Amino acid sequence: MTVHVKINGIPVEVEEGTSVLNAAKKAGVKIPTLCYHPDLKAFGSCGMCIVKQEGNAKILRACASPVSEGLSVITNDPELYSVRKTILELTLSTHPSTCLTCIRNGKCSLQDMAAEFGIREQPFQPRVNSQAPVDDSTPSIVLDPKKCIKCGRCVQVCQDLQGTFALEFIGRGANTSMAPAAMLKLNDSPCIKCGQCAAHCPVGAIYEKDETAKLTAAIADPDKVVVAQIAPSIRVGLSEEFGLPAGTVSTKKIYTALRRLGVDFVEDTNFGADLTIMEEGYELVHRLTTPGSVLPQFTSCCPAWIDYAEKYYPDLIDNLSSAKSPMQMQSPITKTYFAKNKGIDPAKIYSVAIMPCTAKKFEAVRDEHMSSSGYQDTDLVLTTREIARMIKAAGIDFNNLPESEADDPLGEYSGGGTIFGATGGVMEAAIRTAYFAITGKNLKDVNVEAVRGIQEVKKGEVDVNGKKVRVAVIHGMVNAKEILEEVRECKKAGKPAPYDFIEIMACRGGCIAGGGQPYGADDELRKERAAGLYKDDKDSKIRCSHDNKSIQKLYKDFLEAPLSEKSEKYLHTEYKEVPVYKA
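The structure displayed is predicted, hence computed values, not measured ones.

Draft legend 1. A look at the overall build of the protein chain. Scanning the protein chain for helices and strands turns up 19 helices and 17 strands. The C-alpha radius of gyration computed for the protein chain amounts to 25 Å, which stays within 12% of the reference 25 Å derived for 583 residues, consistent with globular compactness. In the protein chain, which comprises 583 residues, the proportion classed as buried is 59%. Excluding contacts between residues fewer than 6 apart, the proportion of contacts in the protein chain whose partners are at least 24 apart in sequence is 73%. Put simply, the protein chain shows about 23,500 Å² of open surface, and 52% of that area lies on carbon and sulfur atoms.

Laid out in structure tokens, this is it:
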């Protein structure tokens with residue numbers, strides 16, 4: 001049902017229940033906001049979006065007020081401007097004036113709004129809590145409470161999107177903090193390091209741990225051979241940092257940019273994704289064809305999901321695929337097979353992974369299995385945002401770079417490896433290869449449309465040579481709970497599992513909207529980024545992981561076969577229960 005409303009006298013027709021904020025957008029009117037984000041339930045904490053209702057003295061908060069038939073609102077007049085400016089000035093009085101050295105300089109909603117409102121002086125006495133300690137206890141993200149504007153986005157994300165409750169509202173009024181319960185360190189809380197709090201924070205109160213200086217130092221060290229790999233979703237994510245349209249695939253420009261930074265060899269984590277599919281796919285086939293095997297099998301590519309499972313569902317650990325993530329497969333192969341192939345001392349290799357995910361920083365050092373090569377497999381993880389800053393600081397004109405190829409033998413990849421970056425992509429790539437493993441032939445149509453899209457939970461059946469494989473695809477940790485509980489109850493009752501294969505990604509949309517990707521992701525942007533990956537898949541000469549010639553050669557020359565003893569050593573891991581709160 002639609003209703004008719006007026007925004008500043010402009011008639012507009014919208015669906016009943018639409019917020020005043022979104023009705024105004026449809027009318028081409030911008031209402032300022034600080035706390036609002038389309039991923040989150042609006043609750044009007046900042047007060048910047050106030051509007052007047054004609055014929056009524058009531059002031060509305062546009063983000064949280066639904067329209068009704070005949071509603072007429074005024075979004076801007078001298079009084080509203082004055083109130084909004086005062087709100088901004090009060091907010092700025094509690095915020096450090098360190099914009100030039102802040103990691104969000106130039107990408108800060110508060111900074112942008114202060115500029116839009118022409119704020120040039122501070123009429124209120126500064127009340128910055130300069131004694132609030134920075135929490136850098138995790139290897140992934142940093143909390144700087146001095147910069148918090150108390151919008152509550154991070155708490156909403158942590159509780160409502162991820163269901164982890166690592167962050168809470170602590171205290172009241174001006175003394176409110178967004179912090180773990182009992183003011184614990186973040187690393188001692190249920191935090192899964194997904195970085196969605198940082199991705200949704202409008203200012204610099206939560207951000208990725210910046211380790212760009214480590215790469216700079218490694219490049220300058222004559223005793224190090226720097227080898228970099230780029231994750232599937234980096235090829236679309238990094239494009240946005242340089243003003244290119246969302247979904248633009250810049251793979252070969254990224255290779256060139258890394259070389260111009262001084263990296264010695266450039267690999268593609270899509271190769272590692274193909275390798276993951278070989279191991280995870282054959283593991284699935286083994287479970288499906290071996291009586292008594294534990295089903296369903298959960299994917300294991302997402303380190304935030306793995307952390308969540310070890311904390312909240314340790315009784316389902318044996319359902320997790322033992323296959324490492326693409327990054328953690330690529331790195332040990334780099335320090336063994338690649339090193340031998342190139343005649344490089346593996347002790348000199350400095351393995352750098354460019355990832356969309358803050359949790360990857362944690363994954364690289366999570367336990368001894370991440371040193372299967374005899375060295376730390378991945379020496380450094382940088383997010384999309386970090387490598388973008390390095391490229392800009394080096395004066396590299398990214399958009400006008402020539403294209404180049406990745407280095408053999410760990411640069412070739414299939415379209416199946418590319419779509420790992422989107423929700424449903426791991427499932428689709430695994431189905432392509434599992435079908436081949438069972439039937440000896442490829443699917444006639446390798447596009448598995450049923451597992452694509454932004455729907456939070458997708459369920460279905462895939463016909464593999466007459467066998468119905470029951471699958472589910474989930475993104476956003478809070479959406480996993482219902483299915484996880486269903487699997488848990490069946491397991492307790494000794495009933496058959498309701499699914500055979502389940503893909504879980506912690507971040508909404510998958511890695512394309514990971515905690516280290518460019519800011520501003522919403523569902524429309526997620527769709528555009530995913531479309532870029534699916535186009536790259538469609539344009540690929542090789543669509544299935546098992547058809548990657550370099551993967552075939554790796555098994556022939558080094559690993560022998562999927563699930564072999566060597567494969568188990570380098571490409572597989574183990575899991576254990578982790579306490580939700582650390583004492």
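Draft legend 2. Spotlight on the nonpolar core. If you look at the biggest cluster of nonpolar residues, it comprises 52 residues, and the most contacted ones within it are F298, W305, M477, L484, I502 and I504. Secondary structure elements with two or more residues in this core: α9 (269-289), α10 (303-312), α15 (425-439), β15 (457-464), β16 (467-475), α16 (481-493) and β17 (501-505). Considering each element in turn, this core owes the most residues, 6 residues, to α15. For I504, the contacting residues outside a window of four places in its chain are F298, T299, C302, W305, I474, M477, A480 and L484. A218, V226, L261 and M390 belong to the second-largest nonpolar core, a separate cluster that totals 35 residues.

Draft legend 3. Structural detail: helix α17 (residues 523-539). Between its first and last C-alpha atoms α17 spans 24 Å; for 17 residues at 1.5 Å apiece the expected length is 24 Å, and the two agree. All of the buried residues along α17 are L525, R526, R529, A530, G532, L533, Y534, D536 and D537. Looking at the packing, one finds that the buried side of α17 touches α5 (196-200), α7 (234-241), α14 (415-418) and α15. Near the N-terminus of α17, the side chain that reaches the backbone nitrogen of E524, with its oxygen 3.2 Å away, is that of D522.

Draft legend 4. Broad picture of the packing of aromatic side chains. Counted by the stated rule, this structure contains 8 aromatic pairs. Ring centres of Y81 and F117 lie 5.4 Å apart, and the angle between their planes is 15°; this geometry places the pair in the stacked category. With Y81 in helix α2 (residues 78-93) and F117 in the loop between α3 (109-116) and β6 (141-143), the pair connects residues that are 36 residues apart, well separated along the chain. Judged by relative accessible area, Y81 falls into the partly exposed class, the value being 35%. Among the residues examined, F117 registers a relative accessible area of 10% and is labelled buried. Look at F242 and F398: their rings are 4.5 Å apart centre to centre, the planes differ by 15°, and that puts the pair in the stacked class. In this pair, F242 is assigned in the loop between α7 and α8 (251-261) and F398 in the loop between α13 (384-393) and α14, connecting sequence segments 156 residues apart. F242 gets classed as buried once you look at its relative accessible area, which sits at 14%. Taking the relative accessible area as the measure of exposure, F398 reaches 1% and is therefore buried. One aromatic cluster is present, built from ring pairs that chain together Y308, Y312 and Y313. Its end group placed over the ring of Y519, R104 keeps NZ or CZ at 3.6 Å from the ring centre.

Draft legend 5. View of helix α6 (residues 212-220). Looking at α6, one finds that the buried residues are T212, L215 and A218. Taken around the axis of α6, the buried residues stretch over an arc of 120°, which confines them to a single face. Opposite the packed face of α6, turned more than 90 degrees from it, sit the exposed residues A213 and A220.

Draft legend 6. Quick peek at the pattern of salt bridges. Under the counting rule described, the total for this entry stands at 43 salt bridges. With its nearest N and O atoms 3.3 Å apart, the salt bridge here joins D307 to K193. One end of the pair, D307, is in helix α10; the other, K193, is in the loop between β8 (177-179) and α5, with 114 residues separating them in the sequence. Pair check on accessibility: D307 and K193 agree, each one buried. Counted as one network, the salt bridges with shared partners bring together E428, R432, E449, R452, D537 and R543.

Draft legend 7. Representation of the sheet that holds β17 within the structure. Strand order across the open sheet formed by 4 strands is β12-β17-β16-β15, with mixed pairing between neighbours. Pairing within the sheet leaves two strands with one partner each, and these edge strands are β12 (297-298) and β15. The sheet contact formed by β15 and β16 spans 8 bridges and is antiparallel. Paired with D463 across the bridge in β16 is K468. Packing of α16 onto the sheet brings it into contact with β12, β15, β16 and β17, and relative to β17 it is tilted by some 145°.

Draft legend 8. Focus on the packing of α6 against α13. It is the contact of α6 with α13, at a shortest axis distance of 10 Å, that shows an interaxial angle of 55°. On the basis of their axis angle, the class for α6 and α13 is oblique. The chirality of how α6 crosses α13 is right-handed. For the pair α6 and α13, contact is made by T212, L215 and T216 and by E386, I387 and M390, respectively. Along the lines of polarity and charge, the residues of the contact of α6 with α13 split into 3 nonpolar, 2 polar and 1 charged.

Draft legend 9. Expanded view of the state of the cysteines. One pass over the full model with this rule turns up 0 disulfides. The thiol sulfur of C201 is not disulfide-bonded, and the nearest other cysteine sulfur, from C151, lies at 6.1 Å. Classification of C201 by relative accessible area gives buried; the value is 9%. C511 carries a free sulfur, and the closest cysteine sulfur to it, the one in C302, is 6.6 Å from it. Relative accessible area serves as the criterion here: at 25%, C511 is assigned to the partly exposed category.

Draft legend 10. Quick peek at the environment of D318. Inspection of the secondary structure assignment puts D318 in the loop between α10 and α11 (326-342). Each C-alpha atom of the pair D318 and Q376 lies 26 Å from the other, and the pair is 58 residues apart in sequence. Discounting chain neighbours no more than four positions away, the residues touching D318 are R287, V294 and K491.

Criteria and cut-off values
Residues numbered from 1 in each chain as written. Predicted model: local features only at pLDDT ≥ 70, side-chain atom pairs only at ≥ 80, totals over all residues. Heavy atoms only, no water. Helix = DSSP H or I, 4+ residues; strand = E, 2+ residues; numbered from the N terminus. Rg over C-alpha atoms; globule rule 2.2 N^0.38 Å. Buried < 20%, exposed > 50% of the residue type's maximum accessible area, 1.4 Å probe, protein only. Contact = heavy atoms within 4.5 Å. Areas by Shrake-Rupley, 256 points an atom, 1.4 Å probe, with all protein chains shown as cover. Core = buried A, V, L, I, M, F, W, Y, C linked by side-chain atoms within 4.5 Å. Expected span 1.5 Å × (residues − 1). Polar contact = N/O pair within 3.5 Å; in protein donor to acceptor, adjacent residues only side chain to side chain. Phe/Tyr/Trp six-rings, centres within 6.5 Å; stacked < 30°, edge-to-face > 60°. Lys NZ or Arg CZ within 6 Å of the ring centre and 35° of its normal. Arc of directions from axis to C-beta. Salt bridge = Lys/Arg side-chain N within 4 Å of Asp/Glu carboxyl O. Pairing = 2+ DSSP bridges. Axes fitted to C-alpha atoms, helices over the stretch in contact; angles between N-to-C directions. Parallel < 35°, antiparallel > 145°, perpendicular 65-115°, else oblique. Left-handed = near helix turned anticlockwise from the far one by under 90°. Nonpolar A, V, L, I, M, F, W, Y, C, P; charged D, E, K, R; others polar. Disulfide = S-S within 2.5 Å.

So, to be careful, I would describe these as geometric facts and stop short of saying anything about function.
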